[in-house]
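Spelled out from the first residue to the last, the chains are:
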Amino acid sequence: LRSPDPGANPYLSLALILAAGLRGIERGYQLGPEEEPGARLPSDLREATDVFEASELARDTLGDTLVELIVRNKRAEWDAFQSTVSAWELKRFLRLL
């Protein structure tokens with residue numbers, strides 16, 4: 001288990017964690033190695049949202065309506081983030097103009 005981001009909704013996170021565990025028991029999944037070479041997590045919110053949107057487990061657990069609502073909200077959050085100029089960017093690049 002990789003702990004969810006502290007900004008995640010704890011109720012939705014717990015529902016998905018429990019559903020994943022139950023699915024593993026029901027389907028007889030075996031635990032894989034502790035660390036798989038080459039396995040990586042999404043690098044940003046956009047990638048994570050794409051993975052979540054495609055998740056059969058998320059749709060089975062939360063339903064299509066809630067998944068689509070979360071995806072829409074996270075995409076809007078990503079778009080807002082992408083259009084914001086950070087203090088770091090100002091400090092680093094403004095002097096180059």
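Small disclaimer: the values here were computed from a predicted structure and weren't measured. (Residues numbered from 1 in each chain as written. Predicted model: local features only at pLDDT ≥ 70, side-chain atom pairs only at ≥ 80, totals over all residues. Heavy atoms only, no water.)

**Thoughts on the packing of helix 2 (residues 45-53) against helix 4 (residues 64-82)**
- With their axes 10 Å apart at the nearest point, helix 2 and helix 4 run at an angle of 170° to one another. By the criterion of interaxial angle, the relationship of helix 2 to helix 4 is roughly antiparallel. The chirality of how helix 2 crosses helix 4 is left-handed. Between helix 2, through Leu45, Arg46, Thr49, Asp50, Phe52 and Glu53, and helix 4, the contact on the second element is made entirely by Val67, Glu68, Ile70, Val71, Lys74, Arg75, Glu77 and Trp78.
- Among the residues forming the contact of helix 2 with helix 4, the class breakdown is six nonpolar, one polar and seven charged. (Axes fitted to C-alpha atoms, helices over the stretch in contact; angles between N-to-C directions. Helix = DSSP H or I, 4+ residues; strand = E, 2+ residues; numbered from the N terminus. Parallel < 35°, antiparallel > 145°, perpendicular 65-115°, else oblique. Left-handed = near helix turned anticlockwise from the far one by under 90°. Contact = heavy atoms within 4.5 Å. Nonpolar A, V, L, I, M, F, W, Y, C, P; charged D, E, K, R; others polar.)

**Points about the nonpolar core**
- If you look at the biggest cluster of nonpolar residues, it comprises seven residues: Leu16, Phe52, Ala58, Leu62, Val67, Ile70 and Val71.
- Secondary-structure elements contributing two or more residues to this core are helix 3 (56-62) and helix 4.
- Discounting residues that sit within four places of it in the chain, Leu62 has contacts with Leu12, Leu16, Phe52, Val67 and Ile70. (Core = buried A, V, L, I, M, F, W, Y, C linked by side-chain atoms within 4.5 Å. Buried < 20%, exposed > 50% of the residue type's maximum accessible area, 1.4 Å probe, protein only.)

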